[in-house]
Amino acid sequence: MRLRPALSLALLVAVLVGAAPTAVATASIAGRTTLATRGDDPETVKVTGKLVNRDDTGSTPVGGGRVTVTDASGAEHVATSRPDGGFSVEVPFEAGPISIKLDEGSLPRGVTLREGSRNPITRTISGTLPLTVTFVLGKGDRRTMSWADQVPQSLFNGLYFGLIISLGALGLSLIFGTTRLTNFAHGEMVTFGALVTYGLNVAGIDIWPAGLLAALLAAVFGFAQDRFFWRPIRRRGTGVLAMMIISIGVQFILRNVYQFFTGGRTETYRQYTTPEGHQLGPITYSVRDVVCVAIALVLVLGVTIALKRTRLGRATRAVADNAALAATTGIDVNRVITTVWAVGALLAATCGMLLGFSQAVKFDLGALQLLVMFAAITVGGLGSVWGAVLGSLLVGTLIEMSTLVIPSELKMAAALFLLVGVLLFRPQGLLGRAQRIG
Amino acid sequence: MDILTSALRAGFSVDAAYFCLAAIGLNVQFGYAGLINFGQAGFLAVGAYGFAVGSVSLGLPFSAAIGLGLLCSVALGLVLGLPTLRLRADYLAIATIAAAEVLRLFFGAAFQDVFHGRDGISGFSAAFQAANPFDHPFLGYRPSDLWVMTVGWGLVVIVSVFVWSIMRGPWGRVLKAIREDEEAVRSLGKNVYAFKMQALAIGGLIGALGGFVVALGQNSVQPDNFSFDLTFIVCTMLVLGGAARIMGPVIGAVVFWAFLSLVGGVLDALTAGQDPTIPAWLMTGDQIGTIRFVLVGVALVLLMIYRPQGIFGNRKEMALHA
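Note that the structure is predicted; figures quoted are calculated from it, not measured.

### Examining the overall build of chain A
Step number 1: Along chain A, the regular secondary structure elements total 13 helices and twelve strands.
Step number 2: Residues classed as buried in chain A amount to 53% of the 438 residues present.
Step number 3: At a minimum sequence separation of 6, the contacts of chain A that also span at least 24 residues come to 73%.

### Looking at the overall build of chain B
Step number 1: Scanning chain B from N- to C-terminus turns up 14 helices and two strands.
Step number 2: For chain B, the C-alpha radius of gyration of 20 Å lies close to 20 Å, the compact-globule estimate for 322 residues.
Step number 3: Considered along the principal axes of its C-alpha atoms, chain B spans approximately 70 × 50 × 35 Å.
Step number 4: Within chain B, contacts between residues separated by at least 24 positions form 74% of all contacts whose residues are at least 6 apart in sequence.

### A closer look at the pairing of strand E4 (residues 66–70) of chain A
All names here are of chain A.
Step number 1: Of the two faces of E4, only one is covered, namely that formed by Val 67 and Val 69; the face formed by Arg 66, Thr 68 and Thr 70 stays uncovered.
Step number 2: As paired strands, E4 and strand E5 (residues 76–80) are joined by five bridges and run antiparallel to one another. What sits directly across from Arg 66, in E5, is Thr 80.

### A short note on the confidence of the model for chain A
All names here are of chain A.
Step number 1: On average, residues of chain A score 78 in pLDDT, and 76% of them reach the 70 mark or higher.
Step number 2: Overall, residues 1–42 carries pLDDT values under 50, and its contacts beyond four positions in sequence, including any with other chains, amount to 132 contacts.
Step number 3: Every residue in residues 139–143 is under pLDDT 50, and counting partners more than four places away or in other chains gives 17 contacts.

### Observations regarding the nonpolar core
A general feature of soluble globular proteins is that nonpolar side chains tend to end up buried together.
Step number 1: In this structure, Ala 375 of chain A together with Leu 21 of chain B are the most contacted members of the largest nonpolar core, which totals 208 residues.
Step number 2: The leading source of residues in this core is helix H10 (residues 333–358) of chain A, at 16 residues.
Step number 3: Excluding residues that lie within four positions of it along the chain, Leu 21 of chain B makes contacts with Leu 155, Val 156, Val 159, Ile 206, Gly 207, Leu 209, Gly 210 and Val 213 of chain B.
Step number 4: Counting nine residues, the second largest nonpolar core, distinct from the first, contains Val 69, Ala 79, Val 91 and Ile 100 of chain A.

### Quick look at the interface of chain A and chain B
Step number 1: Between chain A and chain B, the contact holds 45 residues from the first and 46 residues from the second.
Step number 2: Looking at the side of chain A that touches chain B, the elements with two or more residues in it are strand E9 (121–124), helix H6 (240–262), helix H11 (365–380) and helix H13 (411–425) of chain A.
Step number 3: Top contributing element to the side of chain A that touches chain B by residue count: H6 of chain A, with 15 residues.

### Considering helix H12 (residues 228–241) of chain B
Step number 1: Compared with an ideal rise of 1.5 Å per residue, which puts 14 residues at 20 Å, H12 of chain B spans 20 Å between its outermost C-alpha atoms and is within 8% of the ideal.
Step number 2: Positive phi appears at Gly 242 of chain B, one or two residues downstream of H12 of chain B, with a value of about 120°.

About the cut-offs
Residues numbered from 1 in each chain as written. Chains lettered and ligands numbered in written order. Predicted model: local features only at pLDDT ≥ 70, side-chain atom pairs only at ≥ 80, totals over all residues. Helix = DSSP H or I, 4+ residues; strand = E, 2+ residues; numbered from the N terminus. Buried ≥ 20, exposed ≤ 12 C-beta atoms within 10 Å, placed from the backbone. Contact = placed C-beta atoms within 7 Å. Rg over C-alpha atoms; globule rule 2.2 N^0.38 Å. Pairing = 2+ DSSP bridges. pLDDT = per-residue confidence, 0-100. Core = buried A, V, L, I, M, F, W, Y, C linked by C-beta atoms within 7 Å. Expected span 1.5 Å × (residues − 1).

Here it is, written out as structure tokens:
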């Protein structure tokens, strides 16, 4: 196995702390109709684009970047960006997919593709509309540190990631607790938060009100999803396992609808993508991270206290404990469940909104975190509220710390090993009640 | 007419054949034993990669490489089943989906000199194609595809007969009884755990056969062939055809691929040309793929709600118990 601790850390720092400026490379592919009017050979397609550094302060062109376009027949065409960042190359028009690859080695020193962004990008030429592809770049931090020096930063990154994931895991756990449904479509609510925030932010709304609005919209979405979809299904008497398969269908529908509207592009928010880093001992952090942690903490504590203290919270715990018994004491079980869905969706969307700062905003942002959330709630104990939070912190830390020893593409494997280990030795999870679960 | 013929051709293509094998495997696990395996893609992946690594890196002969692939899929079944089969069904679902995803990441990132990352392994089907009796294209299929299709659908027939024979015997009856009421079977002195494990391994073995067919059909294996979408499609096909029926996965696969191609063809015709029927601001040709999959998702949801037994199944057998 190839071990690359130095590079993994570099990506980590760039992604999670965001201490480096972000560059967005945009390339548009103009179809042949446009070219025909310009008198060029109508049987070719011109791929044009620009490599620019776009961040809070402005944009700087990136020159000397090499872009390779592979046409449908497999032939390669290379273009190099001029000092103003622009590049252009003509490829023969042929129906079928073409792929556009950004040569990372050609980028200026220290600039790398951001983790999770696709390279090469494959597109099908339709011949009528210009296509746009985007490579999300982040300035690579190629500091070489000793293994021990990386531990505190990894620990910080892991706890930060775990805390944000715990928002999603909490909603998943609450929905499981009250309905016994393992909701495979929960990741799509996470994506919803990031995509709506991105859309509002691009439309000119400041990122924090945009995130708040996205969370509220998600609550409406969650409410509607239960009221008009899941509640009628429950009323039909559909079994829990059948509902689990239905939730997979819902996941597939939502993910593809997101892809339909975003076209598989990788985006970043317009603000705070590159906050200034501060140093605290061996740890680099930014004010944005502190705000994100504060938002997550307030929500986690708010929900757990509400579950203990408020009337609705006690009703929720009663339904989770025994729905039939709760109903006989006069609790409107369906109303409780619908509220839980709304709150779960709100938490998930906030999770997605916060994740959008450090990860590529994309149609599958949440789907990629579903596995992490599942691992977190299983490790913590299915249905346990504090278990979901504890599990998220553990899994998040393990995932980030594991990049010190294994390639960062494999960091999800760490979550699985913890999951399998817990299932073997303590299947009810760390904070789950020991009961028959087999 | 073109759209209809290409839909028919898609219904019997190499893709349909390997998805069909994957669905037959899932049918043993899910349809008969009631085990929710959301990681069927993982079984195909280890089968295909076991075979590919065996042929290319280890230089094994064809049959030995196939054997290695089968061994790997049984091993995956044991590794997954050991911690989860004693637990409630949703634990198996979570563990299998996680394992399949990790396997995909693993093949794409680890041991790059063996697995070659996301480019995958290729160039191992020469021995297989050397035995190809077809030398002319037929019905628009290439000779190499015809050979893979013959083997693929041949395997479908053999495996279906095998599943039919084991399911009508005492072993199959115990399996169905476990699906209906585990406690009752245990009280009769049967080792429920062992039966479940055998069902998981046999289903995985059949899935690995599907992995061989896709590897030979494409002459390459790539990690992204085995994403969660594969498992999802296999699951939809099985529910469409009818779980716990011998012909369920077969009919499901053919109908699914023909339908998918039909929808693609119709949408293609509606979005093509200078002045398409569906305006370009609403939908363009390269969005057909996502729309098709939205429709697949809708089909699965509606089937599960209104006709969980699919085309052939028996509703009572699909009343899933938690």
